[in-house]
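Examining the three-dimensional arrangement
Here's the letter readout for the chains.
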Amino acid sequence: MRKLVLFILLVVLAFGGWFYLSPWLAMKDLAEAAEARNTAELEASIDFPALRENTRAQLDASIAPTGDGLIDGIGGAILGSVGDAAVDALITPEGMVTIITTGAVATTLLPRDLRNRELSWSVKREDLSHFRGVSTYDDGSAGPVLLFERRGLRWQVVAMEVSQ
């Protein structure tokens, strides 16, 4: 009986340790893979189809037509197709390296004085299966937010919010 109680206690402690530490380890591993430009590790840590789909949904919501006129509909369709192509081009392992290390979609689009800012990452828990990797620049301004989802015992990035 005593061995069973000890075993249950060890299982509960192991689960508690995993629950507490695994988001930080996942965020740390992702940042290190990006710094090392390890695209194989990034592909294992990021669900690219889900990330592209969620990014497209955010983009579609931000460029949704405001009226119901023909020109508004055509403009929305053109912006949507351009946006889809941009999402496909940017949400790649190489693109995510840039986003995770610099917080920018493309460093060449940044002014020179903003290209070498330091980016730090922290973890904000949501529930047992979700957490956010929140980035902050060295000047205190907000950077991108990565949304992680638990997949078995691993965590994967499934969405991203880019600060405006």
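Above: the structure in question.
Figured I'd write up the structure that's included with this text. Sequence order as written defines residue numbering, which begins from 1 separately in each chain. At least 70 in pLDDT is required for a residue's local features to be given in this predicted model, at least 80 for side-chain atom pairs to be given and counted, and no such filter applies to totals for whole chains, interfaces and linings, which use all residues. Hydrogen atoms and water are omitted, and side-chain values are computed over all heavy atoms in the structure.

1. Quick look at helix α1 (residues 2–35)
- With 34 residues, α1 should reach 50 Å at 1.5 Å per residue; the first-to-last C-alpha distance of 48 Å fits that figure.
- In this scheme, the bend at a residue equals the angle between the axes fitted to the seven residues that finish there and the seven that begin there. Going along the chain from the N terminus, every DSSP run of H or I of four or more residues is numbered as a helix, and every run of E of two or more is numbered as a strand. Most pronounced at Leu21, the bend in α1 amounts to some 40°, and the proline Pro23 follows within four residues.
- Of all the positions in α1, only Ser22, Pro23, Ala26, Met27, Leu30, Ala33 and Ala34 are classed as buried.
- Tucked inside the fold, the buried residues of α1 contact α2 (39–45), α5 (93–102), β1 (119–127), β2 (130–137), β3 (142–151) and β4 (154–161).
- Phi for Arg37, located one or two positions after α1, is positive at around 55°. Expected span of a helix: the number of residues minus one, times 1.5 Å. Each residue is assigned to one of three classes by its accessible area relative to the maximum for its type, calculated with a 1.4 Å probe on protein chains only: buried under 20%, partly exposed between the two thresholds, exposed over 50%. By definition in these notes, contact holds between two residues if any of their heavy atoms fall within 4.5 Å.

2. With respect to the pattern of salt bridges
- Any Lys or Arg side-chain nitrogen located within 4 Å of an Asp or Glu carboxyl oxygen qualifies as a salt bridge. Counting across every chain of the model gives seven salt bridges.
- Of the charged contacts, one joins Asp47 and Arg151 as a salt bridge, the two residues approaching to 2.8 Å between their closest N and O atoms. You can see Asp47 sitting in the loop between α2 and α3 (48–62) and its partner Arg151 sitting in strand β3, a full 104 residues away along the chain.
- Here Glu126 ties to Arg132 by a salt bridge, and the two come within 2.4 Å at their closest N and O atoms.

3. Remarks on the packing of aromatic side chains
- Only Phe, Tyr and Trp rings take part, Trp by its six-membered ring, and two of them pair if their centres are within 6.5 Å. Stacked means planes under 30 degrees apart, edge-to-face means over 60, and tilted covers everything else. Within the structure shown, the criterion is met by six aromatic pairs.
- Aromatic side chains Tyr20 and Trp24 sit 5.2 Å apart centroid to centroid with 40° between the ring planes, which places their arrangement in the tilted category. One end of the pair is Tyr20 and the other is Trp24, both in helix α1 and four residues apart, which spans about a single turn.
- Given the relative accessible area of 36%, Trp24 is considered partly exposed.
- An angle of 10° between the planes, with centres 4.3 Å apart, marks the rings of Phe131 and Phe148 as stacked. Of this pair, Phe131 sits in strand β2 while Phe148 sits in strand β3, and the two are 17 residues apart along the sequence. The pair formed by Phe131 and Phe148 is uniform in burial state, with each residue classed as buried.
- Above the plane of the ring of Phe19 lies Arg125, whose end atom (NZ or CZ) is 4.2 Å from the centre. In our convention, an over-ring charge means Lys NZ or Arg CZ found within 6 Å of a ring centre and within 35 degrees of that ring's normal.

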